[in-house]
Structures are given as C-alpha cells and as structure tokens.
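Structure at a glance
Spelled out, the chains give:
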Amino acid sequence: MTETKSFREKILRHLTYSFGKDPDHAILEDWRMALSYAVRDHIVDAWFKATGRTYDTGAKRVYYLSMEYLIGRLLEDGIVNLELVDEAKAVLAEFGKDYDQVLADEPDAALGNGGLGRLAACFMESLSTIGCPAHGYGIRYEHGLFRQSFVDGRQVEMPEHWLEQRHAWEFERPEVRYRIGFGGHVDTRGETTRWYPAEEVEAEAYDTPVVGWKGRWANTLRLWSGRAIHPFDLDAFNHGDYARAAAPEALARTISRVLYPDDTTEQGKELRLKQEYFLTAAALRDILRRFGNQFGDLRKLPEKVAIQLNDTHPAIAGPELVRVLHDERGLSFDDSMEIAQGCLSYTNHTLLPEALESWDESLFGRLLPRHIQLIDRIDATHAARNPSRTQSMRADHQVKMGQLSFVMAHHVNGVSALHTELMKSTVFEELNGLHPGRIVNETNGVTPRRWLLACNPGLAGLITESIGDGWVDDLEQLQKLEPFVEDSAWLDRYAAVKRANKVDLTNWMGKTYGLTVDPDMLFDVQIKRLHEYKRQHLNILETIALWQEMRDNPNKDWTPRLKLFAGKAAPGYFFAKDIIRLINDAAQVINADPVTNKWLKVAFLPNYNVSLAERLVPAADLSEQISTAGKEASGTGNMKFALNGAPTVGTLDGANVEIRDLVGAENFFLFGMTAEEVMERRGVEGHAWQAVQADPRLKAALDLIRDGRFSPNEPGRYHNITGNLEGADYFLVCSDFTDYWRAQREVDEVFADPLRWSAMAALNTARSGWFSSDRTIRGYMADIWNAKSLL
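Basis of the calculations
- Residues numbered from 1 in each chain as written.
- Predicted model: local features only at pLDDT ≥ 70, side-chain atom pairs only at ≥ 80, totals over all residues.
- Heavy atoms only, no water.
- Helix = DSSP H or I, 4+ residues; strand = E, 2+ residues; numbered from the N terminus.
- Rg over C-alpha atoms; globule rule 2.2 N^0.38 Å.
- Buried < 20%, exposed > 50% of the residue type's maximum accessible area, 1.4 Å probe, protein only.
- Contact = heavy atoms within 4.5 Å.
- Axes fitted to C-alpha atoms, helices over the stretch in contact; angles between N-to-C directions.
- Parallel < 35°, antiparallel > 145°, perpendicular 65-115°, else oblique.
- Nonpolar A, V, L, I, M, F, W, Y, C, P; charged D, E, K, R; others polar.
- Pairing = 2+ DSSP bridges.
- Phe/Tyr/Trp six-rings, centres within 6.5 Å; stacked < 30°, edge-to-face > 60°.
- Lys NZ or Arg CZ within 6 Å of the ring centre and 35° of its normal.
- Core = buried A, V, L, I, M, F, W, Y, C linked by side-chain atoms within 4.5 Å.
- Salt bridge = Lys/Arg side-chain N within 4 Å of Asp/Glu carboxyl O.
- Disulfide = S-S within 2.5 Å.
- Expected span 1.5 Å × (residues − 1).

**Details of the overall build of the protein**
- Across its full length, the protein holds 32 helices and 22 strands.
- What you see for the protein is a C-alpha radius of gyration of 27 Å, in line with the 28 Å of a compact globule of 791 residues.
- Considered along the principal axes of its C-alpha atoms, the protein spans approximately 85 × 75 × 60 Å.
- Within the protein, the fraction of its 791 residues that count as buried is 61%.
- The contacts of the protein with a sequence gap of at least 6 include a subset with a gap of at least 24, amounting to 76%.

**Let's talk about the packing of helix H12 (residues 333-343) against helix H14 (residues 369-385)**
- H14 packs onto H12 with a crossing angle of 85° between their chain directions and a minimal axis gap of 12 Å. Our classification of the angle between H12 and H14 gives roughly perpendicular. Judged by residue contacts, Phe333, Asp334 and Met337 of H12 engage Leu374, Arg377, Ile378, Thr381 and Arg385 from H14.
- Here the contact of H12 with H14 is built from residues that sort into 4 nonpolar, 1 polar and 3 charged.

**A look at the sheet that holds strand E20 (residues 622-625)**
- With parallel pairing, 6 strands are arranged side by side in an open sheet as E19-E18-E17-E20-E21-E22. This sheet does not close on itself; its edge strands, each paired only once, are strand E19 (600-605) and strand E22 (669-670).
- Where strand E17 (residues 522-527) meets E20, 2 bridges bridge the pair, whose relative direction is parallel. Residue Val525 lies in a different strand from E20, and its bridge partner there is Ser623.

**Focus on the packing of aromatic side chains**
- Applying the stated criterion across every chain, the model contains 26 aromatic pairs.
- Aromatic pair Tyr137 and Trp224: ring centres 6.0 Å apart, planes at 5°, arrangement stacked. Here Trp224 lies in strand E9 (residues 218-227) and Tyr137 lies in strand E2 (residues 134-139), a separation of 87 residues in the sequence. Note on accessibility: Tyr137 and Trp224 belong to one class, buried.
- In this structure an aromatic cluster arises from ring pairing among Tyr63, Tyr137, Tyr178 and Trp224.
- Stacked on the ring of Trp770, the Lys or Arg Arg775 has its end atom at 3.7 Å from the ring centre.

**Thoughts on unusual backbone geometry**
- Although it is not a glycine, Lys214 sits at a positive phi angle of roughly 65°.
- Looking at where Lys214 falls in the secondary structure, it is placed in the loop between strand E8 (199-211) and E9.
- Despite not being glycine, Leu732 shows a phi value in the positive range, around 55°.
- Of note, Leu732 is situated in the loop between helix H29 (719-726) and helix H30 (733-751).

**Describing the pairing of strand E3 (residues 147-151)**
- Summarising the sheet, E3 and strand E4 (residues 154-158) pair through 5 bridges and their orientation is antiparallel. Within E4, the position partnered with Phe150 by the bridge is Gln155.
- Here E3 hands over to E4 after 2 residues, with Asp152 in that stretch at a positive phi of 55°.

**Side note on the environment of Leu298**
- By the element assignment, Leu298 lies in the loop between helix H9 (266-294) and helix H10 (301-304).
- Note on Leu298: relative accessible area 11%, which makes it buried.
- The spacing of Leu298 and Leu325 is 27 residues in sequence and 8.2 Å in space, taken between C-alpha atoms.
- Setting aside its immediate chain neighbours within four residues, Leu298 contacts Leu288, Phe291, Leu325, Arg329, Leu331 and Ile339.

**Focus: the nonpolar core**
- Core analysis: the largest hydrophobic core is formed by 146 residues, its most contacted members being Leu35, Ile180, Trp224, Ile307, Phe364 and Trp785.
- At 12 residues, the largest contribution of residues to this core is made by H9.
- Other than its neighbours up to four places away in sequence, Trp785 contacts Lys60, Val62, Leu127, Ala306, Gln308, Ser345, Ile777 and Tyr780.
- In terms of nonpolar packing, the next biggest core, distinct from the first, is built from 59 residues, Cys455, Leu605, Phe641 and Phe668 among them.

**Quick notes on the pairing of E8**
- Among the 13 residues of E8, 11 are classified as buried, and the element is accordingly described as predominantly covered.
- Note: strand E5 (residues 171-182) against E8, 9 bridges, orientation antiparallel. Bridge pairing links Phe171 to Asp207 in E8.
- Across 10 bridges, E8 lies against E9 in antiparallel orientation. Bridge assignment links Val211 to a residue of E9, and that residue is Ala218.
- Where E8 folds back onto E9 in an antiparallel hairpin, the turn is made up of 6 residues, including Lys214, whose phi is positive at roughly 65°.

**Overview of the sheet that holds E8**
- Strand order in the open sheet made by the 9 strands is E5-E8-E9-E2-E1-E10-E11-E15-E16, with mixed pairing throughout. Each edge of the open sheet carries a strand with a single partner, namely E5 and strand E16 (439-441). For this sheet, the mean inter-axis angle between neighbouring strands, taken without regard to orientation, is 25°.
- Pairing of strand E1 (residues 61-65) with strand E10 (residues 305-310) involves 5 bridges; the strand directions are parallel. Note on E10: the bridge partner recorded for Arg61 is Val305.

**Section: the pattern of salt bridges**
- Summed over the entire model, instances satisfying the criterion amount to 64 salt bridges.
- One salt bridge in this structure joins Arg227 and Glu204, with 3.1 Å as the shortest N-O distance. Pair noted here: Arg227 is in strand E9 and Glu204 is in strand E8, with a separation of 23 residues, a long-range link.
- Since its relative accessible area comes to 14%, Arg227 is described here as buried.
- With its nearest N and O atoms 2.6 Å apart, the salt bridge here joins Lys502 to Asp621.

**So, the state of the cysteines**
- Considering all chains together, one arrives at 0 disulfides under this definition.
- Cys455 provides the cysteine sulfur closest to Cys122, a residue in no disulfide bond, and the two sulfurs are 11 Å apart.
- Considering cysteine sulfurs only, Cys132 is the nearest to Cys343, which forms no disulfide, with 15 Å between them.

**Observations regarding the environment of Lys480**
- Tracing the sequence through the fold places Lys480 in the loop between helix H19 (457-467) and helix H20 (488-513).
- Separated by 81 residues in the primary sequence, Lys480 and Arg561 place their C-alpha atoms 32 Å from one another.

**Things to note about the environment of Gly437**
- Inspection of the secondary structure puts Gly437 in the loop between helix H17 (429-434) and E16.
- Overall, the relative accessible area of 53% leaves Gly437 in the exposed class.
- When the C-alpha atoms of Gly437 and Leu271 are compared, they prove to be 36 Å apart, with 166 residues separating the residues in sequence.

**Considerations on the side chain of His537**
- Tracing the backbone through its elements, the reader meets His537 in helix H21 (residues 536-552).
- Excluding residues within four positions of it along the chain, His537 makes contact with Glu532, Phe575, Ile579, Leu725 and Val733.

**Observations concerning helix H11 (residues 317-328)**
- Taking 1.5 Å as the rise per residue, H11 with 12 residues should run 16 Å; its terminal C-alpha atoms sit 15 Å apart, in good agreement.
- Every buried residue of H11 is accounted for by Ala317, Gly318, Pro319, Glu320, Leu321, Val322, Arg323, Val324, Leu325, His326 and Asp327.
- Directly beyond the C-terminal end of H11, a positive phi value near 85° is found at Gly330.

**Let's talk about the packing of helix H6 (residues 115-130) against helix H32 (residues 773-785)**
- Look at H6 against H32: their axes get within 9 Å of each other, and the N-to-C directions meet at 80°. Considering their axes alone, H6 and H32 lie roughly perpendicular with respect to each other. Here Cys122, Phe123, Ser126, Leu127, Thr129 and Ile130 of H6 come into contact with H32, specifically with Ser773, Asp774, Thr776, Ile777, Arg778, Tyr780, Met781 and Trp785.
- Its residues assigned to classes, the contact of H6 with H32 comprises 8 nonpolar, 4 polar and 2 charged.

Rendered as structure tokens:
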C-alpha cells in the first residue's frame with residue numbers, strides 16, 4: 001500500500017510539474033507520459049548506480065554496434081522489470097484510466113526491420129539483467145522503417161512518425177557531438193597520412209537507459225542523430241533563397257531520417273554507406289573518449305573494450321579504428337591493426353552470398369578515400385601472413401565487407417549450431433581453414449521478460465503458480481513444468497489460457513480490421529519479413545491447394561484453420577511485394593467462398609511490428625518456420641512461438657534444428673529436404689518442373705494463380721511468380737511442397753485431439769527454456785568478450 005501511494009505521488013508530480021496538467025484535464029498521452037516519467041525515475045536510479053560501479057571497478061565494457069534496434073514500446077518493459085505492474089494498474093484505475101489503453105498509447109519505435117534488430121533489443125535487456133557493463137550504439141532514425149498499408153492488396157510504404165509524440169525514455173546529450181566526414185582527399189607527407197573530408201556532419205547522442213530484471217542494473221542505448229555543423233545560412237535567407245538557407249540542416253538530418261533507404265538507386269546506396277560509417281565512426285570516437293578518460297594507454301584497449309559488430313553493417317569499424325589509432329594517435333600500423341583485432345568481434349547473420357555486404361569500389365573510394373587505402377593495406381598484410389590465401393577483400397570492383405569483418409575480428413560467431421557449421425563450409429570456408437577456432441557458435445535467444453512474462457500474462461501466471469517465479473531470470477527452470485503435463489486438469493488450464501489469448505486476438509482483429517474469426521479454429525501463423533527463402537509463397541500455395549481440396553470434398557470433416565500472415569517487404573524487393581499481393585488477393589477470394597469459409601480463412605495483417613507480434617505470438621497454435629534448409633541463420637520468432645506453446649511446422653534450418661532436439665521430434669512437425677539434400681536437388685535439371693508434374697495439387701494451385709483466378713482483372717499479374725516456381729525455383733518451393741502438405745495434414749490430425757495437442761504445446765513451453773537471450777549473452781561473455789557480471 002505504501003509503495004502504491006509513493007508511486008501515485010510520483011505520477012501526479014510529473015503530471016503537474018512535467019506536463020502542466022491536473023488529473024481532471026489530462027488526456028491519455030499526458031497520463032502515459034506521467035507514468036513513463038515515474039517509471040523512468042526508478043530506472044535512472046539503477047542506471048546511475050550501475051554506471052558508478054562500472055567506473056569504480058574499472059570493469060571491461062561491451063559495446064554493441066547495430067544498425068537496428070527493434071525496441072518496440074518501452075513502458076511495459078520498464079514496469080514489468082521493476083515489478084510495478086500492480087502499482088501502475090491501481091493508480092490508473094483510481095483515476096478511471098485503463099492500464100492497457102495507456103500502454104497502447106505509446107508509439108512503437110520502428111528502429112529495425114526484423115530478427116536482427118529484435119535480437120539487438122533482447123541482448124540489451126539481457127545484458128542489463130545479467131549486470132554486464134555495456135553500451136549499445138545505433139542511429140536515431142526519425143522515421144525508422146516504413147509504415148505498411150495495403151491498397152488493392154499491394155504494399156504501400158508511408159513514413160513511420162514514431163517521434164511525433166514526445167519520447168519519454170531518451171536523454172538528449174547536446175554536449176556529446178562528433179564530426180563525421182565524407183569524401184575529400186588524402187595527403188601523405190613522409191610517415192604521416194591525413195584525411196581531409198570534403199563534407200562533414202555532426203553526430204549528436206541521445207541516451208536511453210535499458211533496465212534489467214528487478215531493476216538491479218541498467219545499461220545505455222546511445223543513438224546518434226545527424227546535425228549540421230552550420231545549420232542555417234543567414235546570408236542566403238536574407239537574399240530570399242530560403243530553401244538554400246535551410247539546406248545544410250536538411251541534408252545532415254537525411255543521414256538519420258530513414259532506416260534502410262531504398263538502395264536500388266545510386267543515391268540510396270550512397271546514403272546507406274554514409275549511415276553505416278556515421279554510426280560506426282561516432283561510436284568509436286565515443287568509445288575512445290571514454291577509455292582515454294579512465295585508462296589512457298591505448299595498447300590496453302582490448303583489455304577494457306569489447307566491440308561486437310552485429311552483421312556487416314558496422315564492418316567499417318576495422319579500418320576506422322586503425323585509421324584513428326595510426327593516423328591520429330600515432331601508433332604504428334601493425335600495432336593499430338593488432339589492437340583493433342583484439343577489440344572487434346563479428347556476428348554473421350546470413351549464408352546468402354548476396355546478403356554479405358559489398359560496395360562498389362568507386363563509391364567506397366569516393367566517400368571514404370582513406371579507408372579504401374587502409375583496407376588494401378589490411379588485405380595485403382593478411383595475404384602476406386597467409387600466402388596460401390586465394391580470396392581478397394576487393395574483387396570484381398567490389399569491397400567485400402564479409403571478408404573484412406572476418407579478418408579484423410578475433411572471433412566470428414554464428415547464431416545457431418547448423419548456421420555456424422555451414423559458415424565453416426560455405427561463405428567462410430577458406431578463412432576458417434586459415435584461422436581454425438575463430439568461428440564459434442552462440443545460438444540466439446529471446447528475453448523471457450517481454451516474450452512471456454509481459455506479452456502472455458495468463459501463461460506466465462499459470463507457470464508461476466505451478467513452479468514459482470524463478471524462471472523469469474532462469475528460464476531453464478521451465479523444465480519443472482514437465483510433470484504437470486501428465487495432469488489433464490492442468491492441461492485444461494493451459495488450453496484455457498491459449499483460448500483466452502485467441503479470443504482477445506479475435507476481438508481485436510474484428511474491431512480493427514472487421515475480420516470475423518472463430519477462435520476455435522487452428523491459428524496458423526507466419527510472421528516475418530518477406531523474402532523468397534522464408535517461403536511465404538510455399539505457405540500460400542499450400543493454402544490454395546487446401547482450399548481446392550475443401551471445395552472438392554465439402555462433406556469431409558475438415559480441421560478449421562485461420563492462416564495469418566504479417567511482415568514487410570523491402571521497398572525495392574518487387575518479387576516479395578508480389579507475394580504479399582498474391583496472399584491478399586487469395587484471401588479475398590477464399591474468405592468470400594461460402595462453401596469453405598467456415599473451415600478456412602486467410603488474413604495478412606498490415607504494418608507488422610513488435611506490438612503486433614506481442615498480440616500474435618501468445619495466440620498462435622502453429623508456428624510456420626518453413627525456410628529453405630541452409631538459408632535461415634537462426635530465427636528468433638521460432639523460439640518465441642515455442643516458448644508460448646505453439647508447435648512448429650518447419651524444416652531443419654537455423655535454430656529449428658535445436659528446437660526440435662530440445663522439444664522432441666514428436667512435438668515438432670518436420671518436413672522438407674536437409675541442407676545437403678537442397679544442394680543436391682539444385683543440381684537436378686528441371687527439378688521444379690518434375691515436382692510440379694508429380695503433384696496434382698501443386699499443379700492445380702499454380703494453374704489457378706497463372707490463369708488469374710485471384711486476379712481476374714489482370715490475369716497475368718503473377719506470371720513472374722509461377723514462372724519462377726516452375727523454372728529456376730532456387731529456394732525449392734515446389735520440391736518441398738508435397739512433404740509440406742503431408743506435414744500440414746498431420747497437424748490437422750493432432751489438432752483434432754485437444755488433449756494431445758495441449759500436451760504437445762505445453763511440452764514446447766517446458767522444453768524451450770534454453771532459448772533465453774540471458775543464456776546467449778553469458779555465452780558471448782565467456783567465449784568472445786571475456787567480460788564479467790558486476791552483480
């Protein structure tokens with residue numbers, strides 16, 4: 001009671017003195033901001049204590065560099081981790097405010113595209129939960145990733161205005177600014193080389209404290225915003241040239257305006273490279289400033305600094321750190337390279353060669369002329385030390401960022417067991433042979449505070465009632481649930497939680513999108529960014545085939561199923577955008593069919609983000625993880641679904657392999673070729689055509705699409721999709737279709753037995769504790785960073 005009263009006073013104090021409102025005149029945003037500031041007060045206390053302890057102990061710090069942080073809404077994170085849920089609900093209820101409505105008023109910060117950015121956000125929260133001193137560095141995108149809507153089934157991109165409302169969590173640091181240069185020329189005089197940029201902008205810091213479980217520790221997420229050095233040209237303004245007067249500020253802000261600008265144009269490519277250097281250069285300056293203030297001797301940098309590169313986007317960190325140490329601080333090149341390698345480690349997230357970044361050398365050399373010189377010198381040094389080497393950091397007029405990242409890192413990690421082994425035999429085969437032991441595995445994980453405790457309170461409550469609350473920061477305690485799975489009464493309660501989540505989702509979809517759905521249908525969910533290797537088109541093909549089968553056999557006892565899709569396609573990825581439109585077109589036809597719509601419905605929910613995932617994951621019955629084997633590095637959505645009791649239908653790809661091993665093969669719907677079989681199948685001439693001819697259902701589904709059944713006003717709309725699938729079909733959709741159909745009918749059979757399904761779902765929850773990001777971070781700390789917890 002005393003804690004609630006104190007928290008009430010803090011909320012009212014902020015309502016009055018921070019926002020100038022009294023309770024009778026405060027609007028929803030005022031209440032949300034006052035609540036946020038009251039929560040932030042608690043977080044800042046933990047933040048200051050953690051920072052002070054880090055300085056007092058001289059502990060090694062971890063610096064995480066990522067182009068993406070898909071942080072989502074932060075208010076509930078803070079309330080849950082500080083254990084203030086009851087207090088917040090009680091205070092808001094006293095003033096007639098609904099807790100869930102207040103939380104939902106917070107904009108969803110779309111500072112990421114998918115798993116890469118969400119992983120970074122989970123890692124920041126786990127670093128704080130564990131008490132590992134850390135800073136995250138990223139860009140404060142004004143608009144983040146685009147807001148997605150559909151017009152006639154087509155994806156339409158609009159700006160995401162997450163900063164239109166006041167952002168409660170950040171602290172602007174105008175005193176922390178660094179000049180970042182581009183272009184210009186390099187001048188060498190004797191032993192001294194200097195880069196003289198032609199263009200400069202300032203990176204200004206904005207800090208967000210990230211609190212861990214129980215508020216025992218908080219770390220810093222520092223995001224950089226672009227600023228003009230001379231933001232306003234008064235002379236131009238006075239001469240009536242108002243556009244030119246404001247141009248410096250507009251151009252500087254462009255660098256931090258949008259996440260992943262469309263790089264199908266030369267201007268887009270240039271802006272993306274500028275963003276990557278902007279982030280990395282500002283972060284390194286900040287790291288060296290902090291290190292210099294406390295320790296001084298740059299040769300000891302690897303003892304106190306661990307810099308983790310989240311994919312190749314910050315790969316320029318290698319040559320940039322060498323440049324600063326060598327050109328600006330006067331260390332020898334060899335010492336500079338050795339120090340940089342001692343600090344840097346690199347996480348690889350892809351086995352797709354085209355996704356390992358490379359830059360046109362003319363663009364790279366024009367924007368970063370000193371860095372391309374240093375890359376050549378790093379490459380020559382590496383070649384001299386490894387004379388059997390055949391691969392270079394520059395080839396075919398491209399600068400290879402994957403090669404650079406590997407050479408400049410003391411460790412390179414994969415993100416699932418399969419992915420790590422495939423890295424050694426595919427994209428980094430030669431480098432792995434030259435540097436055995438450099439590649440290690442750190443299988444991804446998710447934070448259970450957000451992805452179970454907060455997003456699924458019904459299930460979290462049942463778990464805590466059953467085994468206590470120690471699982472929240474020791475997720476493998478979920479194993480203690482296994483004996484309860486033998487209790488049919490407990491399983492009924494588990495199933496009731498799932499159904500309540502489905503009812504909540506059904507009501508929300510009805511209110512928001514006008515969808516009418518029976519919550520007793522099987523909720524079959526595929527939510528992830530759109531890409532051919534993730535094979536959303538395999539899913540919709542099977543859906544179309546199922547629809548036809550239902551029409552042909554209307555008297556059969558079908559398992560009712562809702563097919564739910566969500567995800568965004570990159571603006572320039574036209575094939576992926578066509579898949580989205582096909583799904584929407586098919587949904588329109590299937591949902592209107594009076595013969596089948598009591599058994600089958602399809603929906604593609606727009607603008608997928610963290611908040612939407614928090615609705616879908618707890619309500620899902622089935623998790624679609626159907627990528628071509630050997631292409632998905634890990635995945636984290638698969639872990640969230642399993643943790644929340646949605647069995648997987650999937651291939652042996654990424655972390656699916658480890659999920660299946662842990663939950664049990666009998667609790668996983670496996671289909672498809674292995675990575676080895678995929679490689680063999682691609683070598684079979686006409687493999688797609690053979691698969692189509694061998695399966696009448698597949699052929700009929702493709703015929704419907706090709707003949708315009710779902711696009712009658714434009715029959716040829718999807719000829720590119722059908723032509724690809726019947727021709728090259730690189731991602732082997734057709735070759736895996738028949739086995740996918742088999743697995744889905746097995747799903748139907750098991751779901752028709754409620755007790756059997758509930759047991760399968762509950763065992764997925766009980767056996768998914770290993771997939772905590774706390775476990776992943778402890779692995780990085782021990783295997784890569786040599787960092788310690790201060791808790």
